[in-house]
Amino acid sequence: MLEANKNNNILGFGEIMLRLTPSNNQKIMQVNSFDATYGGGEANVVCSLANFGHKTKYVTKVPNNSLGDKVIRDLKSYNVDTSDILQGDGRLGIYFLEIGHGLRSTEVIYDRKYSSISMTNKNEFDIEKMLEDVKLVHLSGITPALSKELYDLTIDIAKFAKKTDILVSLDSNYRAKLWSLENAKEFLEEILPYVDIAFLGNLDMTNILKYESKKIGYEESLKDLYEKLFKKYPNLKYAACTKRSVNSINNNSLKGYLFDKENLHVSNEYNFDILDRVGGGDAYTAGILHGILDNLNSRETVEFGTCASVLKHSIRGDINLVDRKSVSSLIEEGLQNIKR
């Protein structure tokens, strides 16, 4: 398995937002109150890893008001180190989540302009200090899409990590509402030389990076695309993704994939009902990182990541609240009606 340095922390860097959700699958026009939770792609991963028993920290910038204080308090409740979080001008970004039902799709409305982190200057962050005692840093394509300063800062973090033997994990997390495919391609091509573990799927490689495969079949094509990716970026050690089948808004099937330079490892396929889909990808990312850092073999790692994601769909909010024992129980024992 992958050899990390002897430091302890797993660091996440990015934006945290306030999520406002109408209860009981109602539409926004029906309600006068919302359920409030907090989350963000990189933070979801770090909190999940903390639940798996890893030592974690998170760096962001939040407003210097009660909302910013609440974000820090919530992160601390997951045993995440918040000592390097900045507070200052700006606001906390918000997104409204209208959860669908049946054939009605889930919809997201972003209200994040002028958020504290999006208006930050990259020089406000001390990269050397934030990466002190860190063995892996997790980044995503969401943060660099927010501003040129954050684009440059994300690249700088990856470069410093590479120079100091800190593992770099990257989830492309493409958001069409934030930037174009061309901008995302530019970013990926700039950061991938510094990445060790890439969370890139079929569409990331074909739509963003413009790779092509003539192989027949999803898994054959995916392996071919990963081989092309690793040939261009030989620094990569792992790449992972999932394949989701949408049976209905409330019922999906999921299968996980992990490529380790030579072989494409495939999880079992799981069919499940959905209470809350948001954060499912981040739960998979955390599960894969846990498996790699905990020295599971590749087959065990992809199964753990997939089951972590499956269980997240049963939990409201962005963050996966299950521990490693719960994931292992699903892998080893399957569904149990009541645990006594």
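Right, let's walk through the structure included here. Because the structure is predicted, anything quoted here is derived from the model rather than measured.

1. Things to note about the overall build of the protein
So, point 1. From N to C terminus, the protein includes ten helices and 16 strands.
So, point 2. Its C-alpha radius of gyration of 19 Å places the protein within 12% of the 20 Å reference for a compact globule of 340 residues.
So, point 3. By principal-axis analysis of the C-alpha atoms, the protein measures approximately 50 × 50 × 40 Å.
So, point 4. Considering only contacts within the protein whose residues lie at least 6 apart along the sequence, 68% involve residues at least 24 apart.
So, point 5. Per element, the accessible surface of the protein, about 15,400 Å² overall, is 47% carbon and sulfur.
So, point 6. On the protein, the mean spot of the 43 positive side-chain charges and the mean spot of the 46 negative ones are 2 Å from each other.

2. A few points about the sheet that holds strand E9 (residues 107-111)
So, point 1. Strand order in the open sheet formed by four strands is E3-E2-E8-E9, and the pairing between neighbours is mixed. One side of each edge strand has no neighbouring strand; the edge strands of this open sheet are strand E3 (35-39) and E9. Geometrically, the sheet is characterised by an average inter-axis angle of 25 degrees between neighbouring strands, direction not taken into account.
So, point 2. Pairing analysis gives five bridges linking strand E8 (residues 94-98) to E9, with the strands arranged antiparallel. Opposite Leu-97, over in E9, you have Val-108 as the bridge partner.

3. Re the environment of Ile-331
So, point 1. Secondary-structure assignment places Ile-331 in helix H10 (residues 324-333).
So, point 2. The exposure class of Ile-331 is partly exposed, given its relative accessible area of 33%.
So, point 3. Residues Ile-331 and Asn-268 lie 63 residues apart in sequence; the distance between their C-alpha atoms is 9.5 Å.
So, point 4. The contact partners of Ile-331, leaving out residues within four places of it in the chain, are Glu-303, Phe-304 and Cys-307.

4. Quick look at the pairing of strand E2 (residues 17-21)
So, point 1. The element E2 is extensively covered by neighbouring structure, given that five of its five residues are classed as buried.
So, point 2. Bridge analysis of E2 against E3 gives five bridges, and the strand direction is antiparallel. Its bridge partner being in E3, Arg-19 is matched across the sheet by Thr-37.
So, point 3. Relative to E8, E2 runs parallel, the two sharing three bridges. In the strand pairing of E8, Leu-20 is matched with Phe-96.

5. Looking at the packing of aromatic side chains
Aromatic ring pairs are described here by two measures, namely the spacing of the ring centres and the angle between the planes.
So, point 1. Tallied over the full model, the rule gives ten aromatic pairs.
So, point 2. Here Trp-179 and Phe-187 contribute two aromatic rings whose centre-to-centre distance is 5.8 Å and whose plane-to-plane angle is 45 degrees, an arrangement assigned as tilted.
So, point 3. Through pairs of rings, three or more aromatic residues link up here, namely Tyr-151, Trp-179 and Phe-187.
So, point 4. Here Arg-112 stacks its cationic end above the ring of Tyr-110, 4.9 Å away from the centre of that ring.
So, point 5. In this arrangement the basic side chain of Lys-243 is found over the ring face of Tyr-218, its NZ or CZ atom lying 4.6 Å from the centre.

6. Points about the nonpolar core
So, point 1. By size, the foremost hydrophobic cluster in this structure holds 48 residues, and its most contacted members are Leu-131, Leu-192 and Leu-229.
So, point 2. If you tally residues by element for this core, the top one is helix H4 (residues 148-163), at seven residues.
So, point 3. Not counting the four nearest positions on each side in its chain, Leu-229 is found in contact with Leu-192, Leu-200, Met-205, Leu-209, Tyr-211 and Leu-236.
So, point 4. Counting 32 residues, the second-largest nonpolar core is a separate cluster that includes Ile-10, Leu-254, Val-310 and Val-327.

7. Quick notes on the packing of helix H9 (residues 298-312) against H10
So, point 1. Axis separation between H9 and H10 bottoms out at 9 Å; the angle between their running directions is 105 degrees. Our classification of the angle between H9 and H10 gives roughly perpendicular. Contacts from Glu-303, Phe-304, Cys-307, Ala-308, Val-310 and Leu-311 in H9 reach Arg-324, Ser-326, Val-327, Ser-328, Leu-330 and Ile-331 in H10.
So, point 2. Class assignment of the residues belonging to the contact of H9 with H10 gives a composition of eight nonpolar, two polar and two charged.

Basis of the calculations
- Residues numbered from 1 in each chain as written.
- Predicted model: local features only at pLDDT ≥ 70, side-chain atom pairs only at ≥ 80, totals over all residues.
- Heavy atoms only, no water.
- Helix = DSSP H or I, 4+ residues; strand = E, 2+ residues; numbered from the N terminus.
- Rg over C-alpha atoms; globule rule 2.2 N^0.38 Å.
- Contact = heavy atoms within 4.5 Å.
- Areas by Shrake-Rupley, 256 points an atom, 1.4 Å probe, with all protein chains shown as cover.
- Lys, Arg positive; Asp, Glu negative; His and termini not counted.
- Charge placed at Lys NZ, Arg CZ, Asp CG, Glu CD.
- Pairing = 2+ DSSP bridges.
- Axes fitted to C-alpha atoms, helices over the stretch in contact; angles between N-to-C directions.
- Buried < 20%, exposed > 50% of the residue type's maximum accessible area, 1.4 Å probe, protein only.
- Phe/Tyr/Trp six-rings, centres within 6.5 Å; stacked < 30°, edge-to-face > 60°.
- Lys NZ or Arg CZ within 6 Å of the ring centre and 35° of its normal.
- Core = buried A, V, L, I, M, F, W, Y, C linked by side-chain atoms within 4.5 Å.
- Parallel < 35°, antiparallel > 145°, perpendicular 65-115°, else oblique.
- Nonpolar A, V, L, I, M, F, W, Y, C, P; charged D, E, K, R; others polar.

Geometric descriptors of this kind do not, in isolation, establish any biological role.
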